[in-house]
Amino acid sequence: MYPDRKKVAVANAGDIPKVGYVYDVRMKHHFNLNEVEYPHPEDPRRIYWIYDILDRSGCLKIMRPVNIHPVTDTQILRAHSRSHLEFLRSTELMEKPSLIAAQGKYEDVYLCALSLYCARLSAGGLLALCNEVARGNLHSGLAIIRPPGHHACQNKPMGFCLLNNIGIAIKDLQTCSVVQRILVVDWDIHHGNGIQDMFYSDPSVLYISLHRFDSDFFPHGSAGDCTKIGKGEGRGYNINVPWTNEGIGDGDYLYAFRKLILPVAREFKPDMIIVACGFDAAACDPIGECNVTPECYATMTAMLKSVCPKLVLSLEGGYNLEAIANSALGCAKALLSIKWKAGLVPEAASVQEYTTLPEAEINGFPVEHKTFTPTWLASPKWSPIEQVPECIKAKPSELGKDVVHRVIQEVGRYWQCL
């Protein structure tokens with residue numbers, strides 16, 4: 001039985017933080033022309049599954065929608081080159097053969113005639129939400145957006161990303177002088193090379209990424225190594241936590257948070273935190289191959305909120321639909337300060353095959369509808385915490401501890417707390 005949404009919406013209304021969200025169904029129209037029956041991992045349904053579980057849980061009734069406006073050329077050009085924008089604009093007039101040929105020139109990118117418009121909506125949604133939070137109209141927010149952005153470089157798209165959503169949002173905040181210091185925590189399992197490149201020399205933006213950095217894992221090259229610490233005035237303001245294997249779990253992430261990320265974040269004293277919120281380190285993700293639980297994502301969200309309440313989570317990767325839905329719900333509850341009661345902690349996702357996934361469309365084409373009930377669906381409750389989250393008890397692996405200690409050795413000279 002689903003919660004009574006009207007009752008949820010008014011319960012303890014004075015205690016509910018002002019949490020915003022952005023979502024626009026039009027973003028599903030960016031899809032892969034090459035695949036119909038079996039969708040690309042960056043599946044158009046990703047945002048719907050998150051929206052749907054937030055709606056069915058009652059959370060959307062107590063969150064505040066923020067209107068999306070596509071980003072303008074001027075806003076894009078603060079983060080990207082004109083040649084990059086002109087290439088994306090040219091795709092709006094291309095037909096299928098030309099689009100397929102164009103996407104083949106870049107690494108892990110797909111294009112259709114509506115891709116740029118969807119990317120404008122994605123970046124515009126995050127920009128609008130960040131401005132509302134930065135100006136104090138909202139306490140925090142969740143951007144349910146696609147295509148993702150943290151791999152997009154100044155001069156090229158890559159890694160499922162066309163425009164760098166977070167880069168565009170930060171450049172806009174800097175231009176408007178709304179905030180002075182911004183912390184970006186990137187917990188997508190892939191290194192956010194695009195964000196790193198844009199702010200590598202900027203001491204007003206502290207970029208911290210936790211990602212896999214083993215052979216043949218995307219993105220290729222040395223950019224995600226812990227020796228990449230920034231340059232010029234930005235030295236020490238770029239921190240990479242490069243996991244060297246699959247199977248990293250809650251204990252490793254929370255160890256990194258306790259020993260490194262939270263101390264540095266508190267010393268940095270950010271005016272705002274933006275999370276590159278990929279859920280591809282989640283258990284059962286077919287690409288990330290790690291074991292982070294929804295409860296851990298929620299715990300990391302709460303930890304960051306304790307550093308700076310102005311917190312925005314921006315969807316990046318995550319390719320198991322059930323895992324990203326449960327993980328996003330956990331994060332939303334953390335933003336809303338909803339406490340879990342015993343027995344209501346979200347469960348990990350199950351392994352899925354694309355051919356068995358429900359929902360109405362694959363890449364814009366109707367498929368047979370199947371009923372879907374999430375593995376758990378608890379109504380929001382504002383009650384004291386009745387149990388210590390299980391993920392808090394998780395022990396880090398020796399590999400995880402070694403990685404964190406190596407990172408501290410690289411950046412410790414720049415931070416008194418280390």
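Whatever comes next refers back to the structure up there.
From a predicted model like this one, the values you see are computed outputs, not experimental measurements.

Undergrad: Talk me through helix H9 (residues 250–268); I want residue IDs and the actual numbers.
TA: Approximately 45° is the largest bend angle found in H9, and it occurs at Phe-257. Of all 19 residues in H9, 15 are buried; the element is thus mostly enclosed. Phi turns positive one or two residues past the end of H9, at Lys-269, with a value near 55°.

Undergrad: Could you give me a rundown of the sheet that holds strand S3 (residues 140–143), with the residues and numbers involved?
TA: Spatially, the eight strands line up as an open sheet ordered S2-S1-S3-S8-S7-S4-S5-S6, and their pairing is parallel. Either end of the sheet is taken by a strand with one partner, and the two such strands are strand S2 (64–65) and strand S6 (238–243). As paired elements, strand S7 (residues 272–277) and strand S8 (residues 311–315) share five bridges and run parallel to each other. Residue pairing across strands places Ala-276 opposite Ser-314, the latter belonging to S8. Strands strand S4 (182–186), strand S5 (205–212), S7 and S8 of the sheet are contacted by helix H7 (residues 165–175), whose axis makes an angle of about 165° with S7. Strands in contact with H9 are S4, S5 and S6; relative to S5, the strand with the most contacts, it is inclined by about 175°.

Undergrad: Give a description of the environment of Pro-286 that names residues and reports values.
TA: With respect to the element layout, Pro-286 can be found in the loop between S7 and helix H10 (294–307). Measuring from C-alpha to C-alpha, the distance between Pro-286 and Asn-320 comes to 6.8 Å, with 34 residues separating the pair along the chain. Discounting chain neighbours no more than four positions away, the residues touching Pro-286 are Tyr-319 and Asn-320.

Undergrad: Give me the lowdown on the state of the cysteines, citing residues and values where you can.
TA: Counted by the stated rule, this structure contains zero disulfides. Lacking any disulfide linkage, Cys-112 is separated from the closest cysteine sulfur, that of Cys-118, by 6.2 Å. Exposure remark for Cys-112: the relative accessible area of 3% places this residue in the buried category.

Undergrad: Give me the pattern of salt bridges: which residues, what numbers.
TA: Scanning all chains against the criterion turns up 14 salt bridges. The salt bridge involving Arg-45 is made with Asp-43; its shortest N-O contact spans 2.7 Å. Grouping residues by exposure puts Arg-45 and Asp-43 together as buried. Note that Asp-214 is salt-bridged to Arg-212, the shortest N-O span being 2.6 Å. Look at Arg-212 and you get buried, because its relative accessible area is 6%.

Undergrad: Could you give me a rundown of the packing of H9 against H10, with the residues and numbers involved?
TA: The contact between H9 and H10 brings their axes to 11 Å, and the two run at 10°. On the basis of the axis angle, H9 is roughly parallel to H10. Across the interface between the two elements, Asp-250, Tyr-253, Leu-254, Phe-257, Leu-262, Ala-265 and Arg-266 of H9 pack against Cys-296, Thr-299, Met-300, Met-303, Leu-304, Ser-306 and Val-307 of H10. Partitioned by chemical class, the residues of the contact of H9 with H10 number ten nonpolar, two polar and two charged.

Rules of the game
- Residues numbered from 1 in each chain as written.
- Predicted model: local features only at pLDDT ≥ 70, side-chain atom pairs only at ≥ 80, totals over all residues.
- Heavy atoms only, no water.
- Bend = angle between axes of the 7 residues up to and from the residue.
- Helix = DSSP H or I, 4+ residues; strand = E, 2+ residues; numbered from the N terminus.
- Buried < 20%, exposed > 50% of the residue type's maximum accessible area, 1.4 Å probe, protein only.
- Pairing = 2+ DSSP bridges.
- Contact = heavy atoms within 4.5 Å.
- Axes fitted to C-alpha atoms, helices over the stretch in contact; angles between N-to-C directions.
- Disulfide = S-S within 2.5 Å.
- Salt bridge = Lys/Arg side-chain N within 4 Å of Asp/Glu carboxyl O.
- Parallel < 35°, antiparallel > 145°, perpendicular 65-115°, else oblique.
- Nonpolar A, V, L, I, M, F, W, Y, C, P; charged D, E, K, R; others polar.

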